[in-house]
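What follows is the residue order along each chain.
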Amino acid sequence: MNRLVRAELMKLRTVRSLLWVTLGMVALVGISVISVVASSGVIENAGDDRSVARIASIAVVFSLILGIIVMGAEGTHGTITQTFLVAPVRERVVAAKAVVGVALGVALGVFAEALTLLVAVPGASLSVHNARYVLVGVPIACAAAGALGVGFGALYHRQGPAIVVALLWLLIAESVLAIGLHDKVRYLPGHVFAATVAGTRGSSSSDLVGAWSGAAGAALYAVGFLAAGTALLSRRDV
């Protein structure tokens, strides 16, 4: 397993996907936090602290995309054949990619938080204490998103369609489903991950569960997609 994980990390070091994903996240987080600091001035209450800290949750989306790339890029470029020739047990390959997806997700989440704090603490007097649950929730959500992305990439076997479907679900589908599901929308993936980074231990609103329930739900979604992706990939011809 260690060799497979090292091989996956080497693959990422030899392509530019990780660089572009990281740069895109840095740009969005940086622009967002600078605009908030420039327009709002000093933060006045704990709710504002959490709102500003939640800017770092942009990393969750990029962790999902990166997880999809870790798995789906090999299907897109046809290199998955060589990978399975070297490591025929496909479950081990998916597990190694999931470990890498989790590790990179945590790294992106911590990086986004560091950038947010670097700008917001001196620029707007952000209280780390008030935002502590957000700062804990972001890496957890990023880790789960990275693993979920690997499973989603395994389901689609291609990075392009998987990324498009994931973004359409997050940006459009859940908002449409909310009309009919009402308060049950809180159990859908996007809302579960949003609850994880919300920074409130109890239910913060009618459409979000508590942070710890969200973290548990995000982990279950990640495991579920990994299991489904692994099962489909083990039965698919390369």
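The numbering scheme is per chain: residues are counted from 1 as the chain's sequence reads. Residue-level local features of this predicted model are given only where pLDDT is at least 70; pairs of side-chain atoms are given and counted only at 80 or more, and the full residue set underlies all totals for whole chains, interfaces and linings. The side-chain numbers reported here are obtained from all heavy atoms of the structure, hydrogens and water having been left aside.

Peer 1: It is not clear to me how the overall build of the protein chain should be interpreted in this structure. Could you clarify?
Peer 2: Working definition: helices are DSSP H or I runs of at least four residues, strands are E runs of at least two. Numbering for both runs from the N terminus. If you tally the helices and strands in the protein chain, you get 10 helices and 0 strands. The linear arrangement of helices and strands in the protein chain, starting from the amino end, is α-α-α-α-α-α-α-α-α-α. Note on method: radius of gyration uses C-alpha positions; expected globular size equals 2.2 Å times residues raised to 0.38. For a compact globule of 238 residues, the expected C-alpha radius of gyration is about 18 Å, and the protein chain comes in at 18 Å, within 12% of that figure. Projecting the C-alpha coordinates of the protein chain onto the three principal axes gives extents of approximately 60 × 40 × 25 Å. Note on contacts: a residue pair is in contact if any heavy atoms of the two residues lie within 4.5 Å. For the protein chain, the proportion of contacts with a sequence separation of at least 24, taken over those separated by at least 6, is 74%. If you sum the accessible surface of the protein chain, you get close to 11,400 Å²; carbon and sulfur atoms cover 68% of it. Methods summary: accessible areas were calculated by the Shrake-Rupley approach with a probe of 1.4 Å, and residue burial reflects only the protein chains presented.

Peer 1: Would you take a moment to explain the nonpolar core for this structure?
Peer 2: Within the largest apolar cluster, 62 residues are counted, with the highest numbers of intra-cluster contacts made by M25, V52, V60, I68, M71, L108 and F193. Tallying contributions element by element places helix α7 (residues 132-156) first for this core, with 12 residues. Discounting residues that sit within four places of it in the chain, M25 has contacts with A59, F62, L108, F111 and A112. Here, nonpolar core refers to any group of buried Ala, Val, Leu, Ile, Met, Phe, Trp, Tyr and Cys residues whose side-chain atoms link them within 4.5 Å. Buried, partly exposed and exposed residues are distinguished by accessible area as a fraction of the type maximum, computed with a 1.4 Å probe on protein chains only: under 20%, between the cut-offs, and over 50%, respectively.

Peer 1: Honestly, the pattern of salt bridges in this entry has me stumped. Any pointers?
Peer 2: When their charged atoms lie close together, side chains carrying opposite charge are able to pair. What counts as a salt bridge is simple: a side-chain nitrogen of Lys or Arg found within 4 Å of a carboxyl oxygen of Asp or Glu. Summed over all chains, the structure comprises 4 salt bridges. Salt-bridge contacts for E74 lead to K11; the nearest nitrogen and oxygen are separated by 2.9 Å. Remark: K11 occurs in helix α1 (residues 2-13) and E74 occurs in helix α4 (residues 58-77); sequence separation between them is 63 residues. By relative accessible area, which is 29% here, K11 ends up partly exposed. Of the charged contacts in the structure, one is a salt bridge between K97 and E74, with a shortest N-O distance of 2.5 Å. Pair noted here: K97 is in helix α6 (residues 90-124) and E74 is in helix α4, with a separation of 23 residues, a long-range link. In this structure, K97 and E74 share a single accessibility class: buried. When salt bridges with common partners are traced through the structure, they connect E8, K11, E74 and K97 into a single cluster.

Peer 1: Hey, could you run me through the environment of D183 in this one?
Peer 2: Examined against the element boundaries, D183 turns out to sit in the loop between α8 (159-181) and α9 (189-196). Owing to a relative accessible area of 40%, D183 belongs among the partly exposed residues under this scheme. Note: C-alpha distance between D183 and V209 (26 residues apart in sequence) is 9.9 Å.

Peer 1: Looking at this structure, how should I read a nonpolar patch on the surface?
Peer 2: A contiguous nonpolar patch, built from V61, V164, L168, W169, L170, L171, I172, V176, L177 and L181 and spanning about 830 Å² of accessible area, is present on the exposed surface. If you tally residues by element for the nonpolar patch, the top one is α8, at 9 residues. Inspection of the secondary structure puts L181 in helix α8. Here, patches come from residues exposed beyond 30% relative accessible area and free of salt bridges, joined within 9 Å for like charges and within 5 Å for nonpolar side chains (Val, Leu, Ile, Met, Phe, Trp, Tyr).

Peer 1: Explain the confidence of the model for the protein chain to me, please; I cannot follow it from the model alone.
Peer 2: A low pLDDT means the predicted coordinates there should not be read in detail. Confidence in the prediction for the protein chain averages 87 pLDDT; 96% of positions are at 70 or higher. Per-element confidence in the protein chain ranges from a low mean pLDDT of 80 for helix α5 (residues 80-86) to a high of 94 for α7. Confidence scores labelled pLDDT are given residue by residue by the predictor and lie between 0 and 100.

Peer 1: Before we go on, may I ask you to explain the side chain of K97 in this structure?
Peer 2: Take K97: its relative accessible area is 0%, and that puts it in the buried class. Nitrogen and oxygen atoms within 3.5 Å of one another constitute a polar contact, given that in protein one can donate a hydrogen and the other can accept it, and given that sequence-neighbouring residues count only through two side-chain atoms. Of the polar contacts made by the side chain of K97, one reaches the side chain of E74; its length is 2.5 Å. Non-local contacts of K97, meaning those with residues more than four positions away in its chain, are made with E8, K11, V70, M71, E74 and V150.

Peer 1: Is there a simple way to think about the packing of aromatic side chains in this case?
Peer 2: Two numbers describe a pair of aromatic rings. These are the distance of the centres and the angle of the planes. Aromatic rings from Phe, Tyr and Trp, with only the six-membered ring used for Trp, were paired whenever their centres fell within 6.5 Å, and each pair was classed as stacked if the ring planes differed by under 30 degrees, edge-to-face if by over 60, and tilted otherwise. The tally for this structure, following the rule as stated, stands at 3 aromatic pairs. Plain terms: the ring middles of Y133 and W212 are 6.2 Å apart, the flat faces sit at 85° to each other, and that makes the pair edge-to-face. Pair noted here: Y133 is in helix α7 and W212 is in helix α10 (residues 211-235), with a separation of 79 residues, a long-range link. Taking relative accessible area as the criterion, W212 reaches 46% and is therefore assigned partly exposed. Measuring from ring centre to ring centre gives 5.7 Å for F152 and F225, while their planes differ by 70°; the resulting arrangement is edge-to-face. Note that F152 is positioned in helix α7 and F225 in helix α10, a separation of 73 residues in sequence. A residue is classified by how much of its surface remains accessible, and F152, at 11% relative accessible area, is buried. A connected cluster of aromatic rings, assembled from ring pairs, spans F152, Y156 and F225.

Peer 1: I would appreciate a short explanation of unusual backbone geometry in the present structure.
Peer 2: Apart from glycine, the bulk of residues carry a negative phi angle, and the bulk of peptide bonds sit in the trans form. At H157, a position not held by glycine, the phi torsion is positive, near 65°. Mapped onto the secondary structure, H157 falls in the loop between α7 and α8.

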